[in-house]
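# Structural overview for review
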Amino acid sequence: MNEDTINEMIIKCPACAVEGVAKSIMKEIEIPHFGKVMETTIQCPSCGFKHSDIIALEQNDPAKYVLEINKNNLSIRVVRSQSATVMIPEVGVKVEPGPKSEGYVTNVEGVLTRFESAVKKALNLFEDEESQKNGKESLNKIQELKKGNGTATLIILDPFGQSNIVSENVEIMEIPEDELHDLKTGFSHIEEN
Ligand SMILES: [Zn+2]
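What you are looking at is a predicted structure, and each value in this text was computed from that prediction instead of being measured.

### What to know about the pattern of salt bridges
Close approach of charged atoms allows side chains with opposite charge to pair. Tallied over the entire structure, the rule returns nine salt bridges. Of the charged contacts, one joins Glu116 and Lys146 as a salt bridge, the two residues approaching to 2.7 Å between their closest N and O atoms. Note that Glu116 is positioned in helix H1 (residues 108-125) and Lys146 in helix H2 (residues 129-146), a separation of 30 residues in sequence. For Glu116, a relative accessible area of 10% gives the class buried. On the basis of relative accessible area, Lys146 is assigned to the partly exposed category, the value being 23%. Residues joined in a network through salt bridges with shared partners are Glu116, Lys120 and Lys146.

### Thoughts on H1
If you check H1, its first and last C-alpha atoms are 26 Å apart, about what 18 residues at 1.5 Å a residue would give, namely 26 Å. For H1, every residue scored as buried is listed here: Val108, Gly110, Val111, Leu112, Phe115, Glu116, Val119 and Leu123.

### Points about the sheet that holds strand E12 (residues 171-173)
A sheet is described by the order of its strands in space; here five strands give the open sequence E8-E7-E10-E5-E12, paired in antiparallel fashion. In this open sheet, the two strands that pair with only one neighbour each are strand E8 (93-95) and E12. The average angle at which neighbouring strand axes cross in this sheet is 15 degrees, direction not considered. Looking at chain direction, strand E5 (residues 63-69) and strand E10 (residues 152-158) are connected through seven bridges and run antiparallel.

### Focus on the coordination of the zinc ion
Listed as protein donors to the zinc ion are Cys13 (SG), Cys16 (SG), Cys44 (SG) and Cys47 (SG); their distances from the metal cover 2.3 Å. Taken together, the four donor atoms coordinating the zinc ion span angles of 103 to 114 degrees at the metal, a pattern that classifies the geometry as tetrahedral. Mapped onto the polypeptide sequence, the residues donating to the zinc ion form the spacing pattern C-x2-C-x27-C-x2-C. What makes Cys44 buried here is its relative accessible area of 4%. In this structure Cys47 comes out as partly exposed when scored by relative accessible area, which is 38%.

### What to know about the domain arrangement of the protein
The domains assigned to the protein are domain 1 (1-57) and domain 2 (59-187). Computed from C-alpha coordinates alone, the two centres of domain 1 and domain 2 are separated by 22 Å. Contacts between the two partners involve 15 residues from domain 1 and, on the opposite side, 16 residues from domain 2. Buried area between domain 1 and domain 2, summed over both chains or domains, comes out near 1200 Å², and the portion from carbon and sulfur atoms is 57%. Its largest share of buried area at the contact with domain 2, domain 1 owes to Phe34, His51 and Ile54, together 41% of the area lost on that side. Along the contact surface separating domain 1 from domain 2 lie zero salt bridges. At the junction of domain 1 and domain 2, the tally comes to four residue pairs in polar contact (both at pLDDT 80 or more). Mapped by element, the contributors of at least two residues to the side of domain 1 that touches domain 2 are strand E2 (22-31) and strand E4 (50-56). Considering each element in turn, the side of domain 1 that touches domain 2 owes the most residues, seven residues, to E4.

Conventions adopted
Residues numbered from 1 in each chain as written. Predicted model: local features only at pLDDT ≥ 70, side-chain atom pairs only at ≥ 80, totals over all residues. Heavy atoms only, no water. Salt bridge = Lys/Arg side-chain N within 4 Å of Asp/Glu carboxyl O. Helix = DSSP H or I, 4+ residues; strand = E, 2+ residues; numbered from the N terminus. Buried < 20%, exposed > 50% of the residue type's maximum accessible area, 1.4 Å probe, protein only. Expected span 1.5 Å × (residues − 1). Pairing = 2+ DSSP bridges. Axes fitted to C-alpha atoms, helices over the stretch in contact; angles between N-to-C directions. Donors = N, O, S within 2.8 Å, 3.2 Å for Na, K, Ca; no water. Tetrahedral: all angles 85-135°; square planar, octahedral: opposite > 155°, others 65-115°. Domains from an automatic or database assignment. Contact = heavy atoms within 4.5 Å. Buried area = accessible area lost by both parts, 1.4 Å probe. Polar contact = N/O pair within 3.5 Å; in protein donor to acceptor, adjacent residues only side chain to side chain.

Shown next, in the form of C-alpha cells:
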C-alpha cells in the first residue's frame, strides 16, 4: 500500500470545540487491484477524540461482498466505508453504520481484531448471564479464526458501493431490494408521524 499525505491542518475539535489543537490529516492510499481511497483522520489531544473515515475515489455500485474467512485469507485487504454493515454470522457479530462508525482500510485479521475489542467492550457492559455466555462464545470463535483455525463468512453490505474486499475469492453480488431497504446508512433520518 502506498500512502501519500495530501493535507494536514489544525481545526476546531468537533467534539470539545477547543480551537487550535485538533489535527486533521488527509491521506491518499493506493490499494493494489482496487484503486485509491482518501482517508481522513481527526485527532484531538485535548479531549482524546479520534475519528477516521475513508472515501473511495473510484465509484462502485451498491454491493454485497462475501468472503470465506480461513487461514489463507487473513491478510486480504478490506476497505470498510462509514456506511457499510459488516458481519460474521457464524460468530454472531454485526457492526452497523451509526454516527460514531468509522471507515477504515485493514485486512481480514484487522476486521477480526476490531470485532474482538467490540465483544470485549460488550462483555464489560452487559453482565447478565446470557450476554456473558454469548459474548464469550463469540470471543472464543474470533480468537480461533485469528489463529487460522476454522472458517466463517465475512459479509460487507454497502449501499453506496464504497467498500470492498480485494480478492479474487470474494463473491460480489447485488444487494437484494428487501435487504437494501433494511440497511442502516449511518445518516440520521426523521420518522414521519
Ligand atoms: Zn477535542
